[in-house]
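Breakdown of the fold
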Amino acid sequence: MPPVARFRSVVLDCPDPRALADFYAAVLGGRPDAEDGEDDWFVLRVPGGPRIAFQRVEGYTPPEWPRADHNPQQFHLDLDGGATWAEIDAAHERVLALGARPLDLEDREKKDFQVYADPAGHPFCLCRIDHP
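Before going into details, it helps to say that this report is about the structure given with it. (Residues numbered from 1 in each chain as written. Predicted model: local features only at pLDDT ≥ 70, side-chain atom pairs only at ≥ 80, totals over all residues. Heavy atoms only, no water.)

1. What about the pairing of strand S7 (residues 113–117)?
For a regular strand, the rule is simple: side chains alternate between the two faces of the sheet. Of all five residues in S7, four are buried, a share of seventy percent or more. Alignment of strand S6 (residues 101–104) against S7, held across three bridges, turns out to be antiparallel. Bridge pairing in S7 links Arg 101 to Ala 117. Sheet topology places S7 next to strand S8 (residues 123–128); five bridges connect them, and they run antiparallel. Bridged to Val 115 within S8 is Cys 125. Here S7 folds back onto S8 in antiparallel fashion, the turn holding five residues, of which Gly 121 has a positive phi close to 100°. (Buried < 20%, exposed > 50% of the residue type's maximum accessible area, 1.4 Å probe, protein only. Helix = DSSP H or I, 4+ residues; strand = E, 2+ residues; numbered from the N terminus. Pairing = 2+ DSSP bridges.)

2. Observations concerning the environment of Gly 82
With respect to the element layout, Gly 82 can be found in strand S5 (residues 77–82). Residue class for Gly 82 comes out buried when judged on its relative accessible area of 6%. Apart from the residues within four sequence positions on either side, Gly 82 is in contact with Glu 87, Ile 88, Cys 127, Arg 128, Ile 129 and His 131. (Contact = heavy atoms within 4.5 Å.)

The following block contains the structure:
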């Protein structure tokens, strides 16, 4: 059976789409562009990866990780941070310098990931991925 649709993009709500697009461009590569000259909608085409869009939302409230009772996480991004903990540690320093904040750095040997919030508060994980 053929698919119903093709994946186009993930869209993140945020208070400042340009700033959040710049953050993810620094983390993932690519260059964000305003679509149709709009400053409320930016698109990042990740090299060899997905398209991520960022849209301005007035009164934006970030997710409250890990709570799900008041303002749930909604979704998160899993990012391949490298195959070793040394690579994850280097990625950790870089995302912090870009404005991320740690949410959960506990038990990384058991979980193989660390959880952060981007500058708008969306959770994302730096995952340790074995590369064959």
